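# Chain and residue survey
Residue-level listing of the chains:
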Amino acid sequence: MKYKILLSLICFCAISQVIGQDDEIQEKRKKPTTSGFDKNRMYVGGAFVLNAGGWDNSFVIGGNPEIGYTFAQWLDAGLVFNITSISQRNNFTGQRINNFIYGAGPYVRLYPFQGFFVQGGAEMNFLNFRVSGGNQPTYREKAEVLSLPVGIGWGQRIVGENSFYTSILLDLGTNLNSPYLNFDGSRIPIFRTGFIFYLGRNSGKRARYSDDF
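So, a few notes on the structure that sits alongside this text. (Residues numbered from 1 in each chain as written. Predicted model: local features only at pLDDT ≥ 70, side-chain atom pairs only at ≥ 80, totals over all residues. Heavy atoms only, no water.)

### Quick notes on the side chain of R109
We count it as follows: Numbering of helices and strands runs from the N terminus, with a helix taken as a DSSP run of H or I at least four residues long and a strand as a DSSP run of E at least two residues long. Relative accessibility under 20% of the residue-type maximum defines a buried residue, over 50% an exposed one, and the middle range a partly exposed one, all with a 1.4 Å probe and only protein chains included. Within 3.5 Å is the distance limit for a polar contact, defined as a pair of N or O atoms, with the added protein rule that one can donate a hydrogen and the other accept it, and that residues adjacent in sequence qualify only through two side-chain atoms. Contacts: residue pairs with any heavy atoms within 4.5 Å of one another.
Relative to the helices and strands, R109 is located in strand β4 (residues 95-113). What makes R109 buried here is its relative accessible area of 2%. Within the local environment of R109, its side chain forms a polar contact with the side chain of Q119, the two groups lying 2.8 Å apart. With near-sequence residues (within four places) excluded, R109 lies in contact with Y43, E66, W74, L75, D76, F117, V118, Q119, Y165 and I196.

Shown next as structure tokens:
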């Protein structure tokens, strides 16, 4: 009788262990991996720039595509590209100024709390500058400029879901050829409003990712 009871206990423990291991395996399959590279944390997006008017009849159009990765609930980092065309007219001399700018650089966004972030980074921009008209010879110049845009932003952000943002940045660099500085060295506010789209997520389902960090 004792042997039967002992055998029953051994069988019960073995079955319980197998069931526990199976539950653990199922739980791991349900929960996304939190270590190593995870494509679900990658995102693409960008901002669009359009501005016209002012005393110099300026017209600005451009875009800032970006690709990034969410390392933590409070940290995003990535690479942003800059493609901008600026057209201005000097009302005193009649000359027209055209500036085509393209470049790229890394950035970091820190989220101290929901809906607000601090951003900093660097952009290497390449400028193609041309001045024409006004009964003057056409003048052309090319330049390479390192800009250091830093600022704040706000907007909706749920990691793993599509979202939008608005930011205002200032170039902390000192190169007067920077597209973000006036000729007198004063800084031009950089306004950017854009969207972010996470990769590898099912857009038909609400996918909160906060528990994965």
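### With respect to the pattern of salt bridges
Keep this limit in mind: The term salt bridge refers to a side-chain nitrogen of Lys or Arg lying within 4 Å of a carboxyl oxygen of Asp or Glu.
Per the counting criterion, the structure on display carries three salt bridges. In this structure, R157 engages D76 in a salt bridge whose closest nitrogen and oxygen atoms are separated by 3.0 Å. Residue R157 is located in the loop between β8 (149-154) and β9 (163-171), and its partner D76 is located in strand β3 (residues 75-89); the two are separated by 81 residues in the primary sequence. Accessibility classification places R157 together with D76 in one group, the buried group. Where E123 meets R192, a salt bridge forms, and the shortest distance between an N and an O atom there is 3.1 Å. Of this pair, E123 sits in strand β6 (residues 123-133) while R192 is found in strand β10 (residues 190-198), placing the two residues 69 residues apart along the sequence. Per residue, the accessibility class of E123 equals that of R192, and both read buried.

### Quick word on the pairing of β8
As a reminder, the rule being used: Any two strands are treated as partners once DSSP identifies two or more bridges connecting them.
Burial of the side chains of β8 is restricted to one face: P149, G151 and G153 are buried, whereas none of V150, I152 and W154 on the reverse face is. Pairing between strand β5 (residues 116-121) and β8: five bridges, direction antiparallel. Each bridged residue has a counterpart across the sheet, and for F117 the counterpart in β8 is G153. The sheet contact formed by β8 and β9 spans six bridges and is antiparallel. The residue bridging G153 from the neighbouring strand is S167, located in β9.

### Let's talk about the pairing of β3
Along a regular strand, successive side chains alternate from one face of the sheet to the other. Relative to β3, strand β2 (residues 58-72) is paired through eleven bridges, and the arrangement is antiparallel. The residue of β3 that forms the bridge with F59 is S87. The antiparallel pairing of β2 with β3 creates a hairpin that spans two residues between the two strands. Of the strand pairs in this sheet, β3 and β4 are connected by 15 bridges, and their pairing is antiparallel. Pairing of F81 across the sheet is with A104, part of β4. Between the end of β3 and the start of β4, which pair antiparallel, lie five residues, with G94 showing a positive phi angle near 80 degrees.

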